[in-house]
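Secondary and tertiary structure notes
As a plain string of letters, each chain reads:
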Amino acid sequence: MRGTAQLPASKSESNRALIIQALAGGGQLGNLSDANDTQLMQRLLINPEAPLFDAEDAGTVMRFLTAYLAMTGRQTELTGTARMKERPIGILVDALRQLGARIEYTGQEGYPPMRLLGRTPQPATDEFTELTVRGDISSQYISALLMVGPMLPSGLRIWLTGKVGSRPYIRMTQALMQHFGAQCRDLGEVLEVRPQAYKPTDYAVEGDWSAASYWYAMVALAPAGSHLTLPDLRRHSLQGDQAIVGIMEKLGVKTEFLANESVRLTQTEPTGEFTQDFTDCPDLAQTVAVVAAALGISVVMTGLESLRIKETDRIAALQAELAKFGGALTDEGNEHFRVTSQDFQVTGQTVATYHDHRMAMAFAPLALRGRLTIEAPQVVRKSYPQFWKELDKIGFTEKAS
Ligand SMILES: O=C(O)C1=C[C@@H](OP(=O)(O)O)[C@@H](O)[C@H](O)C1
Ligand SMILES: C=C(OP(=O)(O)O)C(=O)O
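Residues numbered from 1 in each chain as written. Chains lettered and ligands numbered in written order. Predicted model: local features only at pLDDT ≥ 70, side-chain atom pairs only at ≥ 80, totals over all residues.

**A few points about helix H4 (residues 90–98)**
Restricting attention to buried positions, one finds in H4 the residues Ile91, Leu92, Val93, Ala95 and Leu96. If you follow the buried residues of H4, they end up packed against helix H3 (59–71), strand E5 (101–105), strand E6 (114–119), strand E7 (129–134) and helix H5 (139–148). Gly100 sits one or two residues past H4 and shows a positive phi near 100 degrees. (Buried ≥ 20, exposed ≤ 12 C-beta atoms within 10 Å, placed from the backbone. Helix = DSSP H or I, 4+ residues; strand = E, 2+ residues; numbered from the N terminus. Contact = placed C-beta atoms within 7 Å.)

Put into structure tokens, the structure is as follows:
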């Protein structure tokens, strides 16, 4: 396997930049993602007076728009897919209510759909408006609150409690806010945002490191001598999923950062068993689990708590699908899971994808070891609509179902 694969632009950066641009009232955004999650955010932001916002299956859209619409005093409804109605939002809604938003649930308490009924503005004081927010369910609540922070008359101080997950996404939010002229301070358990208008600023979005992980997986599983180039990736990234560089080194992929903002991946020797914490990079867990199982390398995975409330229960989905090949993801207690495999073989199995783009993309690299079928392949549109086309370019044959 040799060639160049095009990546989508980061949907996390894109969706933050779109919200901040809407609050700043301008600035050009370059290289926005073609991911459905980003295209959807863009479409919904065009009409902030709409009576209903359907965030579909996009977590960032649901969480960021709820805060944006609530704090701009809109009266509207927010809904999403059946799965979105099972993904909690109570922590964000409680915080927004403390900031004066009137929000009611129209279905199950603590979950979308919701009705926004406007907002009672708070008077300016000399002290930050303070909130205490749990950080152990989803960082998206915290990012959503931070981004509306500068428009609050007294700014915002957030006290984080619990084991904070997906922290790099919080840092990405703060970095982009700063890029657009907002002052933020990260004091670990305390985050502060000064009241201040965002400045319309241009921003060029980087390629998506989570999407890059699937190409790393392919290099890891490809015949010896394989290499790939991925354009649009920076050595100094805002994306925590750049952690794939270090993880894949252990699974036999070497990364070289080239001068023109691209990386070159080459196959090397894996280092053997290891333990990996995914608290900061949950979206890499599926990629790593599949590669480790296919290579027969036992990996202990920790920090997987948030996987159960993503597009699907990703732990259950991985367990069910790995088992079809001879792989396993075993719960060893105390939030430790071990990937193992016995005689791992790819022999024409069909992989179910559970409405989860990352299930489809994480299992696709197994095609380097044999024939397999991925069900509902169009799920990739959530973050990487061109995924199958790019695979085709590299030389995989794709058969439309
Ligand atoms: O803020 C973001 O852009 C994201 C944060 C993470 O979610 P959690 O904070 O819920 O872990 C990640 O899994 C998701 O794909 C994107
Ligand atoms: C979890 C994800 O997205 P979101 O939470 O934004 O739906 C993801 O892309 O893997």
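Moving on from the model shown.
**Some points on unusual backbone geometry**
For residues other than glycine, phi is negative in most cases, and the peptide bonds are mostly trans. The step from Pro112 to Pro113 runs through a cis peptide bond, and the omega angle for that step is 5 degrees. Mapped onto the fold, Pro113 is located in the loop between E5 and E6. Phi at Asn31 takes a positive value of approximately 60 degrees, unusual for a residue other than glycine. Given 16 C-beta atoms within 10 Å, Asn31 falls into the partly exposed group.

**Side note on the site of ligand 1**
Within the structure, ligand 1 sits among Ser12, Thr60, Ser138, Ser139, Gln140, Ser143, Gly165, Ser166, Tyr169, Pro282, Asp283 and Ser306. For the shell around ligand 1, the class distribution of residues is 2 nonpolar, 9 polar and 1 charged. Counting only domains with at least three residues in the shell around ligand 1, you end up with domain 1 (2–204) and domain 2 (209–394). (Near = placed C-beta within 6 Å. Nonpolar A, V, L, I, M, F, W, Y, C, P; charged D, E, K, R; others polar. Domains from an automatic or database assignment.)

**A look at the pairing of strand E15 (residues 274–277)**
Where E15 lies against strand E16 (residues 299–302), 4 bridges are found, and the strand directions are parallel. Bridge pairing in E16 links Gln276 to Met301. Running through helix H9 (residues 285–295), the crossover from E15 to the neighbouring parallel element E16 is right-handed. (Pairing = 2+ DSSP bridges. Right-handed = clockwise from strand over helix to strand, strands pointing away.)

**What about the sheet that holds strand E14 (residues 262–267)?**
Spatially, 4 strands are ordered E1-E12-E14-E13 in an open sheet, and the strand pairing comes out mixed. Taken across any chain shown, the strands that pair with only one partner, and hence form the sheet edges, are strand E1 (2–4) and strand E13 (253–258). Sheet twist, expressed as the mean angle between neighbouring strand axes with direction ignored, is 15 degrees. Pairing geometry for strand E12 (residues 227–231) and E14, over 5 bridges, is antiparallel. Paired with Leu228 across the bridge in E14 is Leu265. (Axes fitted to C-alpha atoms, helices over the stretch in contact; angles between N-to-C directions.)

**Details of the packing of H5 against helix H6 (residues 167–179)**
For the pair H5 and H6, the least separation of the axes is 9 Å and the interaxial angle reads 15 degrees. The angle between H5 and H6 falls in the class roughly parallel. As for how H5 packs across H6, the hand of that crossing is right-handed. Listed contacts from H6 to Ser139, Ile142, Ser143, Leu146 and Met147 of H5 are Arg167, Tyr169, Ile170, Thr173, Gln174 and Met177. Looking at side-chain class alone, the contact of H5 with H6 contains 6 nonpolar, 4 polar and 1 charged residues. (Parallel < 35°, antiparallel > 145°, perpendicular 65-115°, else oblique. Left-handed = near helix turned anticlockwise from the far one by under 90°.)

**With respect to the site of ligand 2**
In the region of ligand 2, the neighbouring residues are Ala58, Gly59, Thr60, Asp283, Lys310, Glu311, Arg358 and Ser383. Here the shell around ligand 2 is composed, by residue class, of 1 nonpolar, 3 polar and 4 charged. Residue assignment places the shell around ligand 2 across two domains, with domain 1 (2–204) and domain 2 (209–394) each supplying three or more.

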